[in-house]
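# Structural features, examined
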Amino acid sequence: MAVLINPGTSPTPVFAYDNLLFFPADCRTCLVAKPARSKHCSLCGRCVQLFDHHCIWLNNDVGYYTYRYFIGFLVAKIWTFTYGAYLCWTALGVSPTMFWTTLRATSTENKITGTLFLLCVLLLPLVALFLGEHLRYIYLGVTTNETAKWDYIHYLMQNKLLYKDGSQFLVVDEMGYTTLTGAPINATRPAPVTSWDQLTNIYDHGFVSNLKQRLFPKPL
Ligand SMILES: [Zn+2]
Ligand SMILES: [Zn+2]
């Protein structure tokens, strides 16, 4: 399912524009309105809602419809590696101290089983860490794509370049104030934005709600 289904290419908007990370605009390639939280995947040549990343292993985009299968895929891999390691270990029938001796000195079957055991044991923490990272993203109410956008906001804050004028966010440079999309603007009462407390992630509704949204996406 993670490989085969449409990741969410419908242009029907699901999320509101926050005017911080996402602004109403057309996709420069598809030439249609780009919904908030979507991104154009240059490898697939399409805009995808709730775009997380293009997965080279799945050869598909992880997005609005595919995110839950991607999470399922990671959970399945964790289970496969755990059970695989257990099976290989019991098939070898060794104690921890005998492991290298068994792997080197006996039959071809033992070498293959031992190699598979090592593969399972080495890949398990990598996939578990990757799943942990995604659970953290769900907790924070962000996608992998959005983490880069939040990093940019963080950079602007750290360098005292981000301002707020009423409800509009502005960036200051040597030429004056511009909007976050780069359009020059006259600021009336700009106030510096220097801490996360002054910003709201409108896409974060708490871990449980965020998880529900990811696992049970409404039809677009
Ligand atoms: Zn793609
Ligand atoms: Zn596009």
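All of these numbers come straight from a predicted model, not from anything done at the bench. (Residues numbered from 1 in each chain as written. Chains lettered and ligands numbered in written order. Predicted model: local features only at pLDDT ≥ 70, side-chain atom pairs only at ≥ 80, totals over all residues. Heavy atoms only, no water.)

### Remarks on the domain arrangement of the protein chain
Taken domain by domain, the protein chain consists of domain 1 (67-140) and domain 2 (159-201). Computed over C-alpha atoms only, the centres of domain 1 and domain 2 are separated by 49 Å. (Domains from an automatic or database assignment.)

### Points about the packing of helix α1 (residues 67-92) against helix α3 (residues 108-140)
Contact geometry for α1 and α3: axes closest at 8 Å, N-to-C directions at 150°. Here α1 is positioned roughly antiparallel relative to α3, judged by the angle of their axes. The crossing of α1 and α3 is left-handed. When its residues are assigned to classes, the contact of α1 with α3 shows 23 nonpolar, six polar and one charged. (Axes fitted to C-alpha atoms, helices over the stretch in contact; angles between N-to-C directions. Helix = DSSP H or I, 4+ residues; strand = E, 2+ residues; numbered from the N terminus. Parallel < 35°, antiparallel > 145°, perpendicular 65-115°, else oblique. Left-handed = near helix turned anticlockwise from the far one by under 90°. Nonpolar A, V, L, I, M, F, W, Y, C, P; charged D, E, K, R; others polar.)

### Looking at the packing of aromatic side chains
In the structure shown here, the tally under the stated rule is eleven aromatic pairs. Ring geometry for Phe 22 versus Tyr 203: centroids 6.1 Å apart, planes at 70°, classification edge-to-face. Here Tyr 203 lies in the loop between β10 (191-192) and α5 (207-215) and Phe 22 lies in the segment before β1 (25-26), a separation of 181 residues in the sequence. Across this residue pair, the class does not change: Phe 22 and Tyr 203 are buried. Arranged with centres 5.1 Å apart and planes meeting at 70°, the rings of Tyr 64 and Tyr 65 form a pair that is edge-to-face. Here the aromatic cluster, defined as three or more aromatic residues joined through ring pairs, consists of Phe 15, Phe 22 and Tyr 203. A cation sits over an aromatic face here: Arg 37 above Phe 15, 4.8 Å from the ring centre. Sitting over the ring of Tyr 67, Arg 214 keeps its end group 4.5 Å from the ring centre. (Phe/Tyr/Trp six-rings, centres within 6.5 Å; stacked < 30°, edge-to-face > 60°. Buried < 20%, exposed > 50% of the residue type's maximum accessible area, 1.4 Å probe, protein only. Lys NZ or Arg CZ within 6 Å of the ring centre and 35° of its normal.)

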